[in-house]
Structures are given as C-alpha cells and as structure tokens.
There are 2 protein chains.
Amino acid sequence: MKHKVAILGSGNWGSAIAKVVGQNVRQHPELFEDEVRMYVYEELVDGERYLTSIINTNHENVKYLPGVKLPDNIVADPDPIRTAEDATLLIFVLPHQFVNSLCHKLKGKLHHRAKAISLIKGMAFNEKGPVLISSIIEDILGIDVSVLCGANIAKDVAWEHFSETTVGYKDKEVAQVWKQVFHSPSFNVGLVEDIAGVELCGALKNIIAVGLGMADGLGAGANTKAAIMRIGLAEMRRFAETFFKGVKQETFFESCGVADLIVTCFFGRNRKVAAAFVKQKKSFEQLEKEMLHGQKLQGTLTAQEVNTILKRANLTHRHNFTPCLLRLVMRKFPLMTTIYEVCFEKKDPHSLTDSGIASPHALALLQHPPRSGSV
Amino acid sequence: MKHKVAILGSGNWGSAIAKVVGQNVRQHPELFEDEVRMYVYEELVDGERYLTSIINTNHENVKYLPGVKLPDNIVADPDPIRTAEDATLLIFVLPHQFVNSLCHKLKGKLHHRAKAISLIKGMAFNEKGPVLISSIIEDILGIDVSVLCGANIAKDVAWEHFSETTVGYKDKEVAQVWKQVFHSPSFNVGLVEDIAGVELCGALKNIIAVGLGMADGLGAGANTKAAIMRIGLAEMRRFAETFFKGVKQETFFESCGVADLIVTCFFGRNRKVAAAFVKQKKSFEQLEKEMLHGQKLQGTLTAQEVNTILKRANLTHRHNFTPCLLRLVMRKFPLMTTIYEVCFEKKDPHSLTDSGIASPHALALLQHPPRSGSV
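Residues numbered from 1 in each chain as written. Chains lettered and ligands numbered in written order. Predicted model: local features only at pLDDT ≥ 70, side-chain atom pairs only at ≥ 80, totals over all residues. Heavy atoms only, no water.

## Here we look at the side chain of K19 of chain A
Residues and elements named next belong to chain A.
And step 1. Structurally, the position occupied by K19 is in helix α1 (residues 12-27).
And step 2. Judged by its relative accessible area of 12%, K19 falls in the buried class.
And step 3. Residues within four places of K19 in sequence aside, it is in contact with V68, K69, L70, P71, A158 and E160. (Helix = DSSP H or I, 4+ residues; strand = E, 2+ residues; numbered from the N terminus. Buried < 20%, exposed > 50% of the residue type's maximum accessible area, 1.4 Å probe, protein only. Contact = heavy atoms within 4.5 Å.)

## Here's the deal with the relation of the copies chain A and chain B
And step 1. Taken as rigid bodies, chain A and chain B are interconverted by a rotation of 180° and an axial shift of 0.0 Å, the fit giving an RMSD of 0.0 Å. Taken together, the rotation and translation describe the operation of a two-fold axis.
And step 2. Taken together, the interface assignments show that 100% of the residues at the interface of chain A recur at the interface of chain B, consistent with an identical surface on both copies. (Least-squares fit on C-alpha atoms with pLDDT ≥ 70 in both.)

## Re the packing of aromatic side chains
And step 1. Applying the stated criterion across every chain, the model contains 14 aromatic pairs over all chains.
And step 2. Consider the rings of F266 of chain B and F267 of chain B, whose centres lie 6.5 Å apart with planes at 55°: the pair is tilted.
And step 3. Its relative accessible area of 37% is what places F267 of chain B among the partly exposed residues.
And step 4. Ring-pair connections join several aromatic residues into one group, and the members of that group are F266 and F267 of chain A together with F266 and F267 of chain B.
And step 5. Directly above the ring of F333 of chain A sits R238 of chain A, whose terminal nitrogen or CZ lies 5.9 Å from the centroid. (Phe/Tyr/Trp six-rings, centres within 6.5 Å; stacked < 30°, edge-to-face > 60°. Lys NZ or Arg CZ within 6 Å of the ring centre and 35° of its normal.)

## Quick notes on the sheet that holds strand β11 (residues 163-168) of chain B
All names here are of chain B.
And step 1. With respect to topology, 8 strands assemble into an open sheet ordered β5-β2-β1-β6-β7-β10-β11-β12, the strand pairing being mixed. Pairing within the sheet leaves two strands with one partner each, and these edge strands are β5 (74-77) and β12 (187-192). Going across the sheet, the axis of each strand differs from the next one's by a mean of 25°, ignoring polarity.
And step 2. Packed on one face of the sheet, helix α8 (residues 195-217) meets β10 (145-149), β11 and β12 and runs near 40° to β10. (Pairing = 2+ DSSP bridges. Axes fitted to C-alpha atoms, helices over the stretch in contact; angles between N-to-C directions.)

## What about the side chain of D260 of chain B?
And step 1. Here D260 of chain B lies in helix α10 (residues 255-267).
And step 2. The residues touching D260 of chain B, leaving out its near neighbours within four places in the chain, are C149, G150, A151, G202, K205 and S255 of chain B.

## Overview of the nonpolar core
And step 1. By size, the foremost hydrophobic cluster in this structure holds 132 residues, and its most contacted members are M214 and F239 of chain A together with M214 and F239 of chain B.
And step 2. Beyond its immediate sequence surroundings of up to four residues, F239 of chain B is in contact with M123, P130, L200, L204, V306, I309, L310 and F333 of chain B. (Core = buried A, V, L, I, M, F, W, Y, C linked by side-chain atoms within 4.5 Å.)

## Digging into the packing of α8 of chain B against helix α9 (residues 222-243) of chain B
All names here are of chain B.
And step 1. It is at 9 Å that the axes of α8 and α9 come closest, and there the two elements cross at 155°. Classified by the interaxial angle, the pair formed by α8 and α9 is roughly antiparallel. The element α8 and its partner α9 pack so that their crossing is right-handed. Across the interface between the two elements, L200, C201, L204, K205, I208, G211, L212, A215 and D216 from α8 touch K225, I228, M229, G232, M236, F239 and A240 from α9. (Parallel < 35°, antiparallel > 145°, perpendicular 65-115°, else oblique. Left-handed = near helix turned anticlockwise from the far one by under 90°.)

## Remarks on the interface of chain A and chain B
And step 1. Tallying the contact residues gives 46 residues for chain A and 46 residues for chain B.
And step 2. Between chain A and chain B the total buried area reaches about 4000 Å² when both faces are included, carbon and sulfur atoms providing 58% of it.
And step 3. Sorting the residues of chain A by area buried against chain B places F162, N223 and F253 of chain A first, and these three jointly supply 20% of that buried surface.
And step 4. At the junction of chain A with chain B, the criterion picks out 6 salt bridges.
And step 5. Secondary-structure elements contributing two or more residues to the side of chain A that touches chain B are α6 (154-158), β11 (163-168), β12 (187-192), α9 (222-243), α10 (255-267) and α17 (360-367) of chain A.
And step 6. In terms of residues, the side of chain A that touches chain B owes the most to one element, α9 of chain A, which gives 10 residues.
And step 7. Residue composition of the side of chain A that touches chain B, by class: 25 nonpolar, 14 polar and 7 charged. (Buried area = accessible area lost by both parts, 1.4 Å probe. Salt bridge = Lys/Arg side-chain N within 4 Å of Asp/Glu carboxyl O. Nonpolar A, V, L, I, M, F, W, Y, C, P; charged D, E, K, R; others polar.)

## Focus on the environment of M38 of chain A
Residue and element names in this part refer to chain A.
And step 1. Note on placement: M38 falls in strand β2 (residues 36-39).
And step 2. For M38, a relative accessible area of 0% corresponds to the buried category.
And step 3. Sequence spacing of M38 and T264 is 226 residues, and the spatial spacing of their C-alpha atoms is 27 Å.
And step 4. When neighbours within four sequence positions are excluded, M38 is seen to be in contact with I7, G9, S10, G14, A18, I55, L70, I74, V75, A76, D77 and T83.

## With respect to the UniProt feature "active site" (unreviewed entry) in chain A
Residues and elements named next belong to chain A.
And step 1. Residues annotated in UniProt with the feature "active site" (unreviewed entry) correspond here to K205.
And step 2. Tracing the backbone through its elements, the reader meets K205 in helix α8 (residues 195-217).
And step 3. With a relative accessible area of 7%, K205 lands in the buried category.
And step 4. Beyond its immediate chain neighbours, meaning those up to four positions away, K205 contacts K121, M236, D260, L261 and T264. (UniProt positions renumbered as here; feature names shortened; annotations may be inferred.)

Dropping the structure here:
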C-alpha cells in the first residue's frame, strides 16, 4: 500500500517544504500517492481571490512564499479534516499556538496507519518542566510523531540551495520513510534517534541569537561572539539533558544543532532586533512594532519560558533544594539567565560580554554537564 | 619553589599572550616569579633601534602588536637559550617551521622540572600520517607538552575582550598550573584531556574556512554555508579520530572546536582570499602576493598536507586496501577532498555548493564516524 502525504500548514516554511515534498513523492511513485494535500488557512488576497484558489490555479503561495512555483500535485484545502483524514503521513508545520485546537479537531478522524512529523518551532511547558510540541501531538492523537529541524531558511530551501536538515525519531523504520519524503540532492536529511534533542535545539537557539544581537549592539569582538555561541550550544545541550532522558551529544553536531545555531545567529531577526534593543534603548514591544509589524520575537519569548521552567524546576523540588541551590540551577545556565535578565529585568547588557556569563564555577559545570534528570 | 615562565616567540599572538601571562603571574606572586622572559627574534625597526630594546624600554611590540602596552615584567631577550634555560614553564608560540631548529638549540639546556605548552598552529606529517607539533617538541626535548588553542583573535585578546580558550593536556595537575598561567576574567581557560583533538582543530579549521570563502565567492546562501561548517566540523573530528587514539567528542564543543571554527570562518583571511580565488579566477599564488604581501595562506597549505596524508594512509595500507577503498577513504572526507581539488586540480567550485560534498554515502559515514585507528 502506498503512503499518502498531507501537509498541515502553509506559511513560509510550510510552502517551502511543500515544494520539496511534492517533488519527492513524484520521484518515488512506487512508494507515494501523487497528490499531496496541504491545509491552508483560508483568506482573501487583496480582497479579491481566495488563497487556496490561487495556490491551486497558479501553483504559487503568493502571500507567504511569492516567486516560487509549487509542483502541481500540491493541492491546497481550507478544511484540515479533509486534508488529513486519508493521509498516512502527516506533516505538522503551523504556528505552535494552533497545534492544540487542530489536533483536537483531527482526533479520531485519522487513518489507522497515520504517522506524523512536527516541523514546528517553539516550546510549551507545564508545572514539571518543558513539554515538547511533538509530544502534545502524540498525546492527543495517539500516533507516532517524529520531528524535523535544521539550518533551513525557508526561501533558500525553496530555491534549492544546498541545505541539510535533521530528523529526530523513535522508530528507525519510520525514520527511513520520512527520509524518503524529504531527502533530495539539495536537501540532505540526517537521522538521529533523539526527538527531544532535535526539537529543543529549534526552540532554544533563538535565545542564543538574542544574546548575540546584544553583543552586536555593544560592538563586541569576534572572540566574544564565538564564546557566546559556544556557551549557548553547551547550555542548549545541558537544558535538554537536564529535562529529558536519552538526549544524545551527537545531536548537537547535526544540522539542527550547531548549523541551525550558526544560521540563526548570523542571519536571523532575533539578532537584529536584540542589537537594536541595546543600541536604541527601546522596549522589545516597541521594536516589535517598528521592526516586525507587531509580530512577537521568538527568542525573548523562549527566554521567558526557559526562565520560568528553571525557576519552577527548583520550586517543584522545594524539599531537596535550598535557596543556595536555586542559584546553582540558574548558574548552570548563566548565559540564558543573563539574556533573560537583560530582556526583562533591566540588567546591564555588558554583563553578557564581561565575564558574567562564564564564572569559573559556571565554566566548570559547562565542562561536566550533569546527566539526565539531575536538576 | 616558584614557577618561572618563559615565552618563545613574539609575533602578534605571542605578544598578546605575553600581556595575559605577564599580568597573571603578578596576580599570583606566591606561585610565579615576577619576571617573564620572551625570546624575540632580533631585528632593526625602521633601520634605527632593535626590537628587543624597544620592547624593554617602551613596553610595546611596535612591530607585531602596536598600540598595546605590555606589562613591564615582560623582558625581551634575543637569545633563546638564555630565555629558556632557567624557566620551568615554556610557552612555544612561534611559526611552526622554526620549531625543530629551536628545540635542537634548547636540547639538554633546560631546567630539570621544565614543562612546555604549544600555542603553535599548523601540522607536520610523515609517511605514517599527521605528526603533532607538540609531539615534535616532546620528542626532541623529552618534556611534558600541553597545547592551547581557541577562538582567539590576537588583538581582541590583547584588548581584553571576553574570550575563551582550550588547554589540551595529558596530566591534570600540569593542566591546572597552565590554567593559572593563562586564566583571567577576560580570558577563560577550559581544560580537556585530549592533546591531539585540540591541536588538530587549530590546523584543520583553516581548510574549512577556505571552503566557506569559496561558497562566498559563489554567492551561496546561509543554509549552504552553515552546512559547510557543520560538515567541516564533522570531518575535523573524523580526521582526528582516524589518526589518533583518545580523541574526545567533547573537545569539538570547546572553544578550540566549534568556536574557533566560527571565528576563522567568519572573520579570517582564509575566507577572504578563497572568495577572491573563485570570483577573480586568479591563482592562489597571485592572490597571496596581492592580498597577503606574499605570505602563504594557511588553509590551502593544510588542505594539501591533509590530502597527502589521506592518500598516503591508503598507500601504507596497500595490502589491505583496494583502489575502491582508496576512493572510500577520500569520500570519508568529501569536503576537505573537494576543497583540495578546487584549489589544486581545477575542480569546479560549484561542486562544493551542490550535493558533491554530501552524497548519501558520505553523509551516512558522517553520522557514524569510524573509531580511532580505523583508516
């Protein structure tokens, strides 16, 4: 039986990946049905035509990925249930605030062999710590969920510039199927058995990019910027290892780790806005209005969530932890904590580029990360 | 008994590190003698005064690190034997082509407790494979040799911009002494028990920076550049693991690994000249004349050495290897091999930014690096 692929989401990244997937399933007609349905949130473009109609007629998402032709086997559909119900492979690629309600709509209506992959960036959390978006999907729908994340600026992928990406999986056989869905000569898929590691990289890198932007704003030198990125990668790893079992060191050498961090730090909006924050001394709210048309910056949001998680991890272990140990948990993450404090507690950004982020104690910890579950 | 430190070399990096070390020994008068001798290759500056005399009077290396005041306990000496003979801690920081002859001069004339550290970038090789500069020093002088390498642009270190570095060691107690020699609030020292890993990072990163420059010259996008750096880091690791025992994955997360690669790729001359090579279609020789006053580019030189080593590793294992396996060894290092071929065998640089560097086979190997000694 052939696989049928559906894409849930049609923004910039969703449309770029639709091009990759549409071309790929055509390369393997023995494995995949030709048609790939894509759920498109319906909207009028220029008050005239519906976006789904434009995509299905002109084969271009003129609103979110203009200038890129989509293969004609990509069929836009405004109904998520109709898009998903007979698919065996579901690609989730929508903003993370819509995941919950979409999954509840789809619950009980999916193919019995359905499997999913999440391309969603972001992080949720509860009183116990961070919650993976992929596990929210898994919990609601009761299906296997892999993740895909990498150094993937959407328009470069759409233009078929050579890119790498990483699929995190639980089941190797399922991972091989996802590789066939995504892998091409210009979009190379690496596989790693570590869902938490891959997904957390995608969320946490944005915090580090904010730190790099602040360093930029202060006119920091190259050594300092490289140190911030290195310490950032080490803290990303420690965060993942602290809150999840089975996180692999190897993951952070993959495209989702070091490569995505480089792309985000050197070419992303988090860095640009954070540099303006330091130089112009305006609030992030103000800058989001001026620079992002009111959109929220991902990095500051995640910095806030991570800080809440670090504080709570402590609070929920109240009986084991003294106030002194609260400081220790924070100091295990000196960079992320300092970035949060600069963003939200008026801390002097210079504390990022002086030795505040790397006290000898913190450095010793960085060199000997705690093992999983050792908060 | 107090330690006495001597510095062998006084170029840009040697002078910057002299400032760090001179200040540090003053911070720990209980551990170190105040005076730090620095061997300076004697030369006339502007046909008037000797460089040693300028350094000892004005406390500035006007030739190689102008504008930076050195502490007055740094004493320039044109005689390497007088500089080194009563020191217990020797810092080697001179161009690698001078190491052999200097060590032979010093042989039999050192303090019986003398230990050394090498800050030298570069690589040697013999018929068996790569030879570490630190082991050349060790073999000639018969003393313990550690290494120091990191994301350290010399003038940023001299200006005390926050920087990190890595010391690779064999003996933990000795490493702690070196940490006291170098560590300061603005120059953070990480320790790792992996001399080969640390030293090879310093040599191999320059090849990757040449690759990044070529990608630049072709106008490659961010995803492609990040992929080149990621694959480069993976090949650096594989090269080290292939030729040396005890290389640690952790090393590549330290300042000498990912951070130094970032600094070299984004801010170094290897990238700039390689971009010109692709854009201007001139030879490297010509570009070295025009852009580097005739100095040799490190990255192309090392690419050549590594290629020789890869070919020889094969030749020396003639009885085990078929011609097909020769190709396999090269394909374990698709990026470094392609960079070499673009530099010296007129290969089209586009093979770097299309999928040539990451065939599925090569990628599979990248994900499962061979263990030590498995050439």
